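Chain by chain, the residues:
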Amino acid sequence: MNNFWITVAHTMTKRVRSKSFFWSSLVTLILVIGLMNAAGVLSSFSGEEDREQQNVAVLDNTSEEESMGEALASYEESSFAYENYSGTEEEALASAEEEEYAFVLTLAGEPAELDAVLYGSESDFQDGQEINQDVQRIKEGFVTNELNLDEQQLATIYAPVSFSEQPLTEGAEVQTEEAHNQAYWMVYALVFAIYLLVIMFGSMIATEVATEKSSRVMELIVSSVNPITQMFGKLVGIGIVGLLNVAVLAAAAFIGDAISGDNILEGLFSEAIEVSLLLYALLFIVLGYFLYGGIAAMLGALVSRAEEVNQAIQPLIYVAMIAFFIAIFGLNAPDATIIHILSYIPFFTPQLLFLRIGMTSVPTWEIILIIVILTISAVLINMLAARVYKGGVLMYGKFSIKNGMKQAFTISKKEK
Amino acid sequence: MTLVIDNVTKRFGSHQAVDGVSLTVEKGSMFGMLGANGAGKTTTFRMILGLLDPTSGSVTWDGRPLSYKRTSLIGYLPEERGLYPKLTVKEQIIYLMRLKGMKKTSIVPALQEWLETFQVPEYENKKIEELSKGNQQKIQFIAAVLHKPELLILDEPFSGLDPVNTDMLKQAVEHIQKQGTTIVFSSHQMKNVEEMCEDLIMLKRGSAVLQGNLRDIKRSYGVKNITVQADYNLNFLQEVSGVLDLQQNKDGAVLRVKDETIAEPVFQRIAEKGFVRKFEVEQPSLHDIFIDKAGVEHDE
């Protein structure tokens, strides 16, 4: 056990102290903090933060006694400054061209059939929408007035319907559109994270093993430590480095949040992110890491030179990629039978079961069953990997997965 | 505390790497393992270390098989040298020795002492990749002995070293032996084995072709050498029955004869011919025995 931790510590310090780790962490840190403050940084350049209220010249040509233009001008909730213009349309347009006004709005006809035209050069379509809403609001006021409705009657009309959804079976959940969207993006992000972490750390492990082999230090090491202890020491060591990476990312997010002062994180955690989903993601990342990592270590032990690592772990990366693409497809059809079936296959479980938990409601017994299957296969695959690893580290020559594994088995054969 | 290898066999599939080898190495002795490339030396070492499981037979140290629980008793210098190129001498020695169960505080002073012995104290904080091959080998040797193992296995310890460093390493090995360490080492260089080992085994394609005490082996080995120095052509001596071969050199010739009794007719033929400056019957060198028994040229 002692040698296990010495190996873990050695693997970690070697990684953490490397220049590449330092720089990649620093870049992540700066990138995340920068992105989180991007809005603030951009607005400080364009100066949009405190832009002045745009003014709108209103030409009221309606036949009402009470001017709608006046009503608009005194409408304070709007983000525009309306002004009841008393001149002609030509004069108004001319002064707008001289930038005295941002927009010119003409109103004609009865309030019930109001005809409004907006002249403006600004390209932002939202301005038009907002002005339209303001006019609509004033029009509603005028019309209800004409119909002699009192406040209470108005309130009755606008009172919202009490609308709720109930599941067909007891205990099941009904997903609202909002929840669906939140889950969609969160699952998307985490499926991608699982994919990325598995590939990144899988190849890190394989490279680590192959480097020790190609520098021939391996034989010396395995004369002191059981290769199996060493393999798991490496897996755990690199796993911890991975967690450290995530911690740097989290730290960056918090620092970025503090600097920007937007409380994005608080918002995310209270609304968009379900903590239980995050915990599932963590569980699947860990299990997926051990499943893929064990195989990566085995493949790393089969090559003789560090340059052959990429070739060796290609099949593993393909499997991870296939799982990822199935998961992306599954995001739009999480109830599909194929997703259901594939989520039982250990190599696809981390991404697909996570997808199902996030997007649909999966019975608890099924979650437990699939996780047990995944855990058992991770253990079995690691036992197999350890056997191949034990023989593989003593083996040098041309790389071939099939022959290599056969040879490794012969070498590590337990006699008696 | 003896190393006992009892009728050990190792088969890789259809390939017989080691075949029925038995040997005993007494505590504190120096044991030589000879053999051409592929004779099974490294496989035997790996079985002693527990890296490989013997197909049959057993390897025991002090009556018990060596396992990972007892690796701190063994020091190993592999034939293929290798250390972490990016780590400094100190860093890797600390890591490797901690794996052997040593405390960091006792590793550093011992390392400094060894670097002093090898006259390279300035390498303590240098990266391995900055050192020359020969100096890397010194560090590799330190990694095998720093933890004061009971059993030291040296696979080709002197290959690739210049004469000065070879002597330095030889003295270090002898010093360690004097302290009671049992040493097994393999070498292509017969001269080193001849100088250092009391007992040896010679392997050929996995089995022992020669085994025992060095002096006994030489004595019982029938073939002798006769060195003759004369100023005339000695080729006529080939006609004497019992002469296996004759090699002319600038001073005369060296003859290999079947046994010591052949020396007499050879001497008579020379006496008929004329004056010789030297006539000597010698014990065969290990080199000759090796070539004879192993049947192939070795690289020296």
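Residues numbered from 1 in each chain as written. Chains lettered and ligands numbered in written order. Predicted model: local features only at pLDDT ≥ 70, side-chain atom pairs only at ≥ 80, totals over all residues. Heavy atoms only, no water.

(A) Broad picture of unusual backbone geometry. Of note in the backbone geometry, A:Arg216 takes a positive phi value of approximately 65° without being a glycine. By the secondary structure assignment, A:Arg216 is in the loop between helix H8 (177–214) and helix H9 (218–222). A positive phi angle, close to 50°, is found at B:Lys148, a residue other than glycine. Tracing the backbone shows B:Lys148 in the loop between helix H4 (133–145) and strand E6 (151–155). Using a relative accessible area of 67% as the deciding quantity, one classes B:Lys148 as exposed. (Helix = DSSP H or I, 4+ residues; strand = E, 2+ residues; numbered from the N terminus. Buried < 20%, exposed > 50% of the residue type's maximum accessible area, 1.4 Å probe, protein only.)

(B) Quick peek at a nonpolar patch on the surface. Together, A:Ile368, A:Val372, A:Ile376, A:Val379, A:Leu380 and A:Met383 line one region of the surface with nonpolar side chains, adding up to about 570 Å² of accessible area. For A:Val379, the position within the fold is in helix H16 (residues 364–392). (Patch = residues over 30% accessible without salt bridge, like charges linked within 9 Å, V, L, I, M, F, W, Y side chains within 5 Å. Areas by Shrake-Rupley, 256 points an atom, 1.4 Å probe, with all protein chains shown as cover. Salt bridge = Lys/Arg side-chain N within 4 Å of Asp/Glu carboxyl O.)

(C) Focus on the sheet that holds strand E4 (residues 56–61) of chain B. Residue and element names in this part refer to chain B. Strand order in this open sheet of three strands is E2-E1-E4, and the pairing throughout is antiparallel. Edge positions in the sheet fall to strand E2 (15–25) and E4, since each has one partner strand and no second. Strand after strand, the sheet turns through a mean of 20° between neighbouring axes, direction not considered. Pairing geometry for strand E1 (residues 3–12) and E4, over five bridges, is antiparallel. The residue bridging Thr9 from the neighbouring strand is Ser56, located in E4. (Pairing = 2+ DSSP bridges. Axes fitted to C-alpha atoms, helices over the stretch in contact; angles between N-to-C directions.)

(D) Main features of the sheet that holds strand E4 (residues 115–120) of chain A. All names here are of chain A. With mixed pairing, four strands are arranged side by side in an open sheet as E2-E1-E3-E4. Strand pairing shows two members of the sheet lacking a second neighbour, strand E2 (80–84) and E4, which therefore form its edges. Between one strand and the next, the sheet's axes are offset by a mean angle of 25°, whatever the strand orientation. Against the sheet, helix H5 (residues 89–97) contacts strand E1 (54–62), strand E3 (103–109) and E4, and its axis sits at roughly 160° relative to E3. Set on the sheet, helix H6 (residues 125–146) makes contact with E1, E2, E3 and E4; between it and E2 the angle comes to about 55°. (Contact = heavy atoms within 4.5 Å.)

(E) Spotlight on the confidence of the model for chain B. Per-residue pLDDT for chain B has a mean of 86; in total, 98% of the residues score no lower than 70. At the level of chain-chain contacts, confidence expressed as ipTM amounts to 0.79, with global pTM at 0.73. (pLDDT = per-residue confidence, 0-100.)

(F) Geometry of the UniProt feature "transmembrane region" (unreviewed entry) in chain A. Feature annotation in UniProt places "transmembrane region" (unreviewed entry) on residues 21–45, 185–210, 231–255, 275–303, 315–331, 337–355 and 367–389 of chain A, given in this structure's numbering. Secondary structure content for residues 367–389 of chain A is 100% helix and 0% strand, and the end C-alpha separation is 32 Å. (UniProt positions renumbered as here; feature names shortened; annotations may be inferred.)

(G) A look at helix H17 (residues 401–411) of chain A. Buried within H17(A) we find A:Gly404, A:Met405, A:Ala408 and A:Ile411. Seen along its axis, H17(A) keeps its buried residues to an arc of 125°; they face one direction. Residues of H17(A) that are exposed and angled more than 90 degrees away from the buried face: A:Lys402 and A:Lys406. Buried positions along H17(A) lie against helix H12 (275–302) and H16 of chain A together with E1 of chain B. (Arc of directions from axis to C-beta.)

(H) Inspection of the interface of chain A and chain B at higher detail. Taken together, the contact pairs 27 residues of chain A with 32 residues of chain B. Interface area for chain A against chain B, summed over the two sides, is near 2,800 Å², with a carbon-plus-sulfur share of 57%. One can count three salt bridges joining chain A with chain B. Two residues, B:Arg46 and A:Glu219, come together in a salt bridge whose shortest N-O distance is 2.9 Å. Across the chain A-chain B interface, the total number found is eight residue pairs in polar contact (both at pLDDT 80 or more). If you list the elements that add at least two residues to the side of chain A that touches chain B, you get helix H1 (2–16), H9 and H17 of chain A. No other element matches H1(A), which puts five residues into the side of chain A that touches chain B. Of the residues that constitute the side of chain A that touches chain B, the class distribution is nine nonpolar, eight polar and 10 charged. (Buried area = accessible area lost by both parts, 1.4 Å probe. Polar contact = N/O pair within 3.5 Å; in protein donor to acceptor, adjacent residues only side chain to side chain. Nonpolar A, V, L, I, M, F, W, Y, C, P; charged D, E, K, R; others polar.)

(I) Looking closely at the domain arrangement of chain B. With domains assigned, chain B is organised as domain 1 (3–218) and domain 2 (222–282). Spacing between the C-alpha centres of domain 1 of chain B and domain 2 of chain B amounts to 41 Å. (Domains from an automatic or database assignment.)

(J) Structural detail: the side chain of A:Thr11. Inspection of the secondary structure assignment puts A:Thr11 in helix H1. Judged by relative accessible area, which is 0%, A:Thr11 ranks as buried.

(K) Structural detail: the packing of helix H15 (residues 349–359) of chain A against H16(A). All names here are of chain A. Packing of H15 against H16 leaves a shortest axis separation of 11 Å and a crossing angle of 170°. Classified by the interaxial angle, the pair formed by H15 and H16 is roughly antiparallel. Here Thr349, Pro350, Leu353, Arg356 and Ile357 of H15 come into contact with H16, specifically with Glu366, Ile367, Ile370, Ile371 and Leu374. Of the residues contributing to the contact of H15 with H16, the split by class is seven nonpolar, one polar and two charged. (Parallel < 35°, antiparallel > 145°, perpendicular 65-115°, else oblique.)

(L) Just the environment of B:Asn125, in detail. Residues and elements named next belong to chain B. When you line up the elements, Asn125 lands in the loop between helix H3 (104–117) and H4. Take Asn125: its relative accessible area is 54%, and that puts it in the exposed class. Not counting residues within four places of it along the chain, the set of residues in contact with Asn125 comprises Thr88 and Lys90.

(M) Molecular detail of the pattern of salt bridges. Summed over all chains, the structure comprises 19 salt bridges over all chains. The residue A:Lys14 makes a salt bridge to A:Glu208 at a minimum N-O spacing of 3.5 Å. Of this pair, A:Lys14 sits in helix H1 while A:Glu208 is found in helix H8, placing the two residues 194 residues apart along the sequence. Here B:Arg277 makes a salt bridge to B:Asp231, at a shortest N to O gap of 2.8 Å. With a gap of 46 residues between them, B:Arg277 in the loop between helix H8 (263–273) and strand E13 (278–282) and B:Asp231 in the loop between strand E10 (224–229) and strand E11 (243–248) connect regions that are remote in the sequence. One continuous salt-bridge network, built from bridges that share partners, spans A:Lys14, A:Arg15, A:Glu208, A:Glu212 and A:Lys234.

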